[in-house]
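# Breakdown of the fold
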Amino acid sequence: MSSVAPPATAGAADGPGRRPPRAVDARRTGWGALAGSALLLGLLLAALVSACGPTPQSQPTDAGTPTALSPTARATRSGTDGDRRGGTVVLGLRYEPDLLNAYLRTQAAGDVAGALFERGLVQVRPDGTWAPDLATEVPSLENGGVSPDGLTITYHLKKNVTWSDGDPFDCQDVLFTYQAVSHLEPDKIGDYGLITSLTCPDPYTLTIQLARFYPAFLTLFAESILPGHTGLEPEAMATWEYNRYPDPVLGPFVLQEWALADHLTAVRNLEYESWASRGQPYLDAVILRWIDSSEEGIELLRKGELDLVWDVAEVDLFGAEGWPGVKVSHPPSTGTERLVLNLRNPKGTAPCADSLRRSPAWHWALGDPRVREAIEAAIDKQTILAATLPKYGSLATTELNQGPFATTIAPTAYDLEWARTLLDEAGWKDRNDDQVRECHGCLYAAPGRPLQIELRTTAGHELRRRTAQMIAGMLKKVGIEVTVTRVSPAALFSSYDRGAFRSWGQFDMLLYGAGYGIEPYGRLNGTFASSNIPCDKNAGKGYNFGRWIDEEADAALAAAGSSLDPGARAAAYQRLAERVAAERPHIYLYTYPALDLLSTRFMGYKPNVWDTLSWNAGEWYLEEGETQP
């Protein structure tokens with residue numbers, strides 16, 4: 001029997017999530033795309049790859065000027081009529097991933113690419129149910145996989161799975177994965193810090209012992225298992241070449257080539273067990289091609305050179321339903337655009353919750369709940385929605401907009417007079433007739449200080465730019481002057497240890513989006529629990545950037561985090577949503593779908609709000625016939 005306990009530096013047992021829930025920018029929106037050029041010459045090898053098996057992965061290459069194949073050539077397949085095998089799908093993405101290792105990457109493009117090569121113990125289906133992947137069944141109280149106290153999780157592993165190099169998969173690979181994750185920095189371990197021991201009683205049985213019950217326990221090892229037989233050193237995971245060039249892998253495809261700044265090619269993994277049993281993956285290859293813009297991608301799609309353009313803006317889809325050979329995918333998403341309000345002194349140096357309880361250090365304007373309420377009352381969300389997402393968007397009122405734990409919060413009224421009344425009551429009045437209010441009896445600012453607030457958001461995001469400017473104009477009507485500052489996504493979403501202004505609480509308001517997974521505890525606890533205010537004491541973990549402290553919210557999160565009963569967790573999440581609505585550490589604006597544009601010949605694509613685009617790439621196939629340009 002093999003087992004491992006976490007090293008002493010494995011992190012606190014109160015981790016909010018395996019890694020920070022991504023802002024929507026990092027999940028669905030491309031930033032600063034690298035230049036994309038014509039299709040790769042490697043497409044010419046697709047038929048040979050199918051016949052001969054995967055080739056060794058390449059090192060980085062400088063992309064030349066490859067020759068694009070016609071849609072007919074790319075769709076060539078072997079077998080009889082109705083056989084789905086063969087062909088190559090080409091996806092257009094507006095930016096290139098940094099890494100492919102699921103435990104280190106931070107970009108959505110890395111998720112799309114990584115899912116081609118990865119498998120986890122279980123996976124979540126589009127309907128929100130869990131299904132086994134490398135495990136034979138999903139652990140539960142009913143089947144004995146979860147102990148009555150929720151602290152022991154037992155998995156039974158499949159015996160017919162092999163790595164792409166032919167080595168069998170077993171429990172030792174999960175053990176190795178945990179060893180590697182345990183050596184990450186404390187703020188990156190996340191909920192793996194809850195594991196007190198991981199044991200392999202036999203090669204195909206895995207037992208996980210938790211320090212306390214964690215509602216999202218199924219997410220542990222659900223995304224990727226790392227190979228334990230290749231000589232990789234677990235303590236050196238941050239420097240592995242495997243992070244960019246994974247080999248061997250368990251997924252339906254293997255990495256053939258990554259031509260930096262141009263494309264990535266994945267070809268069929270002939271060791272994938274569904275290849276022998278069901279002929280999956282159907283495709284010979286999947287190519288990720290980096291494009292400069294959605295406009296370029298749409299043009300290439302309509303020419304038949306792409307099969308999918310990922311994360312398209314609604315403004316680019318005017319008339320798309322009438323384009324021949326093209327279809328629009330617009331499932332709902334959990335992504336919600338919001339304002340994040342800083343409740344504390346923006347010139348502070350990342351104070352912890354205990355320090356703020358002793359000395360609140362309120363933000364000179366936003367620390368007053370009446371000002372926060374006035375800001376929401378002055379924003380005409382319906383007008384913003386009509387100007388940004390008139391067809392596919394919807395108004396947002398809460399963090400959990402769908403799924404089994406969706407919460408219900410009534411929309412707030414757009415009411416300029418009420419906003420002005422609140423600001424008057426809060427001691428913010430315009431006595432010099434310059435259309436900007438000043439402090440005359442306000443709670444926390446010096447007398448005469450003008451009500452001028454900075455709103456920071458991401459550069460290179462047209463929808464967000466338009467939203468920020470509209471908010472600034474609306475708040476101007478009630479005497480709040482807003483300066484919009486656009487910063488790089490890298491600056492906004494940087495980490496605590498790099499001095500990120502968001503993590504250190506050095507801002508007034510932020511505008512960005514965020515989503516959540518099927519079990520939202522990690523997202524909610526990380527975002528709203530006072531223990532997850534990032535500071536030195538907790539090694540910068542947590543995403544409570546506005547430094548909101550609310551005892552009722554903490555109690556609701558504690559109740560959710562300790563209950564095996566989904567109904568009890570749902571009730572706790574509703575109580576939390578009501579506290580957020582009342583206190584406004586976040587002001588929700590709108591929810592938008594995941595918009596992708598596809599060729600009509602691209603089949604098997606199943607949108608999954610709980611996972612990435614390529615979660616079921618093994619089921620993708622091409623319909624016979626040519627794409628109509």
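Details of the structure are given in the entry above.
Model, not experiment: these values are computed from the prediction. (Residues numbered from 1 in each chain as written. Predicted model: local features only at pLDDT ≥ 70, side-chain atom pairs only at ≥ 80, totals over all residues. Heavy atoms only, no water.)

### Focus: the overall build of the protein
When helices and strands are tallied, the protein shows 17 helices and 24 strands. Excluding contacts between residues fewer than 6 apart, the proportion of contacts in the protein whose partners are at least 24 apart in sequence is 72%. Accessible surface for the protein amounts to roughly 23,200 Å². Of this, 53% is attributable to carbon and sulfur atoms. (Helix = DSSP H or I, 4+ residues; strand = E, 2+ residues; numbered from the N terminus. Contact = heavy atoms within 4.5 Å. Areas by Shrake-Rupley, 256 points an atom, 1.4 Å probe, with all protein chains shown as cover.)

### Focus: helix 13 (residues 462-476)
Residues lying three or four places apart along an α-helix face the same way, a consequence of the helix completing one turn every 3.6 residues. Compared with an ideal rise of 1.5 Å per residue, which puts 15 residues at 21 Å, helix 13 spans 21 Å between its outermost C-alpha atoms and is within 8% of the ideal. Among the residues making up helix 13, those that are buried are Arg-464, Thr-467, Ala-468, Met-470, Ile-471, Ala-472, Met-474 and Leu-475. (Expected span 1.5 Å × (residues − 1). Buried < 20%, exposed > 50% of the residue type's maximum accessible area, 1.4 Å probe, protein only.)

### Concerning the state of the cysteines
Tallied over the full model, the rule gives three disulfides. The disulfide partner of Cys-171 is Cys-200, and the gap between their sulfur atoms is 2.1 Å. Across the S-S bond linking Cys-171 and Cys-200, the dihedral sits near -80°, which makes this disulfide left-handed. Taken together, the residues Cys-171 in helix 5 (residues 171-182) and Cys-200 in strand 7 (residues 195-202) connect sequence positions 29 residues apart. Using a relative accessible area of 0% as the deciding quantity, one classes Cys-171 as buried. Residue Cys-200 is classed as buried on the basis of its relative accessible area of 3%. Note on cysteine connectivity: Cys-352 is disulfide-linked to Cys-535, with sulfurs 2.0 Å apart. (Disulfide = S-S within 2.5 Å.)

### Some points on the environment of Glu-519
Here Glu-519 is to be found in the loop between strand 20 (509-514) and helix 15 (521-528). Spatially, the C-alpha atom of Glu-519 lies 8.6 Å from that of Thr-219, the residues being 300 residues apart in sequence. Beyond its immediate sequence surroundings of up to four residues, Glu-519 is in contact with Pro-215, Ala-216, Phe-405, Arg-569 and Tyr-573. Side-chain polar atoms of Glu-519 contact the side chain of Tyr-573, separated by 2.6 Å. (Polar contact = N/O pair within 3.5 Å; in protein donor to acceptor, adjacent residues only side chain to side chain.)

### Considering the side chain of Thr-527
Relative to the helices and strands, Thr-527 resides in helix 15. Not counting the four nearest positions on each side in its chain, Thr-527 is found in contact with Tyr-543, Asn-544 and His-586.

### Let's talk about the sheet that holds strand 21 (residues 586-591)
Within the open sheet, the six strands sit side by side as 15-21-14-20-18-19. Their pairing is mixed. For this open sheet the edge positions go to strand 15 (394-395) and strand 19 (481-487), each flanked by a neighbour on one side alone. Two elements, strand 15 and strand 21, share two bridges in a ladder whose sense is antiparallel. Counterpart to Leu-395 in the pairing with strand 21 is Tyr-590. (Pairing = 2+ DSSP bridges.)

### Quick notes on the packing of helix 16 (residues 551-561) against helix 17 (residues 566-583)
When two helices pack together, their arrangement is given by the angle between their axes and by how far apart the axes lie. Put simply, helix 16 and helix 17 touch, their axes get as near as 8 Å, and they point 165° apart. The angle between the axes of helix 16 and helix 17 places the two elements in the roughly antiparallel class. As for the relative orientation of helix 16 and helix 17, their crossing is left-handed in sense. Note on element contacts: helix 17 touches helix 16 through Arg-569, Ala-572, Tyr-573, Arg-575, Leu-576 and Arg-579, opposite Glu-552, Ala-553, Ala-556, Leu-557, Ala-559 and Ala-560. Class assignment for the residues of the contact of helix 16 with helix 17 results in eight nonpolar, no polar and four charged. (Axes fitted to C-alpha atoms, helices over the stretch in contact; angles between N-to-C directions. Parallel < 35°, antiparallel > 145°, perpendicular 65-115°, else oblique. Left-handed = near helix turned anticlockwise from the far one by under 90°. Nonpolar A, V, L, I, M, F, W, Y, C, P; charged D, E, K, R; others polar.)

### Considerations on the packing of aromatic side chains
The final tally for this structure, using the stated rule, is 20 aromatic pairs. An angle of 85° between the planes, with centres 5.4 Å apart, marks the rings of Phe-405 and Tyr-573 as edge-to-face. Taken as a pair, Phe-405 in the loop between strand 15 and helix 12 (416-425) and Tyr-573 in helix 17 lie far apart in primary sequence, 168 residues in all. Judged by its relative accessible area of 9%, Phe-405 falls in the buried class. (Phe/Tyr/Trp six-rings, centres within 6.5 Å; stacked < 30°, edge-to-face > 60°.)

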